[in-house]
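Here's the letter readout for the chains.
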Amino acid sequence: PPFELPAIPGEPIALPADHLMLDLFREEARECLLTISKALPLLGSDPTAADPVQDALKQLRGAARLVKCAPVADAAASLGAFVRAAGASFPPAALDWTRYAVATLAGALSTDDESFGAWAESAAPSLAKAVEALAAAAARPAPAPEAALVPATVGPTPPAPLPAGRGEKEPVRAVHVD
């Protein structure tokens, strides 16, 4: 689905003196999502843009595990696997699913200790859908660069003719047989 990224606050979340682990998680998630949202537009064109995204997703996954929020940890792991598998070739549909996951994860930033559990429960189906789409995309092998340029109706490339003087007086002409 086409999705716009929500505005991720640039300023840290103010933590009360008696803050809990969920407060720390929300601040860590804000920082990670901010890093990811800044790098996402560059993923298809800048091969180095994936590095900060990978680091942020690892941090987010670890923070989610600490607060025992499996849907967020699973989404971060799937996003990380997809970014790794996609490399520099990040198709527009993949960016849409990534934006969708980030937009869903950003919902955690507006929760508090009492509403976080309800948010996690309501976000779980959306995150599972993104996890499924990204896992399927990461599992697909990338086409070889030359295969992507050859129309599907053309058969395999015939072998190159042997150069004259290498066992043959005349070059051998390759014949393509269907």
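The sections below set out a description of the structure shown in this document. (Residues numbered from 1 in each chain as written. Predicted model: local features only at pLDDT ≥ 70, side-chain atom pairs only at ≥ 80, totals over all residues. Heavy atoms only, no water.)

### A word on the nonpolar core
The biggest cluster of nonpolar side chains holds 47 residues, and the ones touching the most others in it are Phe25, Leu33, Leu43, Leu60, Val72, Phe90 and Phe116. Those elements giving two or more residues to this core turn out to be α1 (21-39), α2 (50-66), α3 (70-86), α4 (92-106) and α5 (116-139). Apart from the residues lying within four places of it in its own chain, the contact partners of Phe116 are Leu22, Phe25, Arg26, Cys69, Ala108 and Thr111. (Core = buried A, V, L, I, M, F, W, Y, C linked by side-chain atoms within 4.5 Å. Buried < 20%, exposed > 50% of the residue type's maximum accessible area, 1.4 Å probe, protein only. Helix = DSSP H or I, 4+ residues; strand = E, 2+ residues; numbered from the N terminus. Contact = heavy atoms within 4.5 Å.)

### With respect to α3
Spacing of three or four residues puts side chains on the same side of an α-helix, whose turn is 3.6 residues. A rise of 1.5 Å per residue sets the reference length of α3, with its 17 residues, at 24 Å; its end C-alpha atoms lie 24 Å apart and thus fit the reference within 8%. All of the buried residues in α3 are Val72, Ala73, Ala75, Ala76, Ser78, Leu79, Gly80, Phe82, Val83 and Ala86. Where α3 terminates, the next one or two residues include Gly87, which has phi positive at roughly 60°. (Expected span 1.5 Å × (residues − 1).)

### Some details on the packing of aromatic side chains
Here the distance between the centres and the angle between the planes together describe a pair of aromatic rings. As enumerated under the stated definition, the model contains three aromatic pairs in all. On the basis of an interplanar angle of 75° and a centroid distance of 5.5 Å, the ring pair of Phe25 and Phe116 is categorised as edge-to-face. Taken together, the residues span a long stretch of sequence, with Phe25 in helix α1 and Phe116 in helix α5 at a distance of 91 residues. Like Phe25, the residue Phe116 is buried in the burial classification. For the pair Phe116 and Trp119, a centre-to-centre distance of 5.6 Å together with 40° between the ring planes defines the contact as tilted. (Phe/Tyr/Trp six-rings, centres within 6.5 Å; stacked < 30°, edge-to-face > 60°.)

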